[in-house]
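# Report on the structure
Here are the chains, one letter per residue:
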Amino acid sequence: MFCTPTGVSKGYLRPDMIVKMNLKGELLSDNARPSSEVKMHLRVYQENPTVKAVCHAHPVVATSYAIAGIPLDKPLCPEAIVTLGIVPLAPYAKPGTQEVPDSIAPYCKEYNAVLLANHGALTWGKDLTEAYYRMESLEHYAKLTMYTGSILNQVRGLNKQQIDEVIAIRESLGVSTGGRPEGND
């Protein structure tokens, strides 16, 4: 497993700074210390053996929902349902402790992403590209939720039949996780 080092701005990250570890959390390189959040990444791998990559970030709008204690679970558009499904909210956990991986464990098998209360977001996938795209989609979904719900004050989400059709598309793409949002009928 490769992860980013602690205390380094991602904007200044160089390839030689990447930390190599095994899935037990043991260092295989001595160039730097891993992020304190590595336990959270390892927990996703332990809980869901189909996952091959995890992405953790603090995107502004998605993190705002995490701070507000609001999961992202509205059926606003097909992309969000296919890529993410429901994005639940894990309970608050003290950073750098075992509480963090324990807080996300219940969500690792059924979902594709989770908001971390008062912290940030976590996505995962079959490879790094999918995990990264899910993080991009998560922030996009959070922005759509914010704009339609708080700025436009009008949300016309998908109904149950439309959600069924989108879930069928998701399944045809080989994605069986994400949960099913409730429809508007």
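Shown above is the structure to which this text applies.
Residues numbered from 1 in each chain as written. Predicted model: local features only at pLDDT ≥ 70, side-chain atom pairs only at ≥ 80, totals over all residues. Heavy atoms only, no water.

### Digging into helix α5 (residues 128–151)
- Here α5 is 24 residues long and its end C-alpha atoms lie 33 Å apart, about the 34 Å a rise of 1.5 Å per residue gives.
- For α5, every residue scored as buried is listed here: Glu130, Ala131, Arg134, Met135, Ser137, Leu138, Glu139, Tyr141, Ala142, Thr145 and Thr148.
- Looking at the buried positions of α5, the neighbouring elements they touch are β3 (53–57), α2 (60–68), α3 (78–83), β5 (113–116) and β6 (120–125).
- Between a side-chain oxygen at the N-terminus of α5 and the backbone nitrogen of Thr129 the separation is 3.3 Å; the capping residue is Asp127.
- With its phi angle positive at about 55°, Asn153 sits one or two positions after the end of α5. (Helix = DSSP H or I, 4+ residues; strand = E, 2+ residues; numbered from the N terminus. Expected span 1.5 Å × (residues − 1). Buried < 20%, exposed > 50% of the residue type's maximum accessible area, 1.4 Å probe, protein only. Contact = heavy atoms within 4.5 Å. Polar contact = N/O pair within 3.5 Å; in protein donor to acceptor, adjacent residues only side chain to side chain.)

### What to know about the pairing of β5
- Both faces of β5 are covered, namely the face carrying Ala113 and Leu115 and the face carrying Val114 and Leu116.
- Two strands pair when backbone bridges link them, and strand β4 (residues 89–90) and β5 are joined in this way by two bridges, in the parallel orientation. From the neighbouring strand, Ala90 faces β5, where its bridge partner is Leu116.
- Judged from the four bridges that link them, β5 and β6 form a sheet pairing that is antiparallel. Across the sheet, Val114 pairs through a bridge with Leu122, a residue of β6. (Pairing = 2+ DSSP bridges.)

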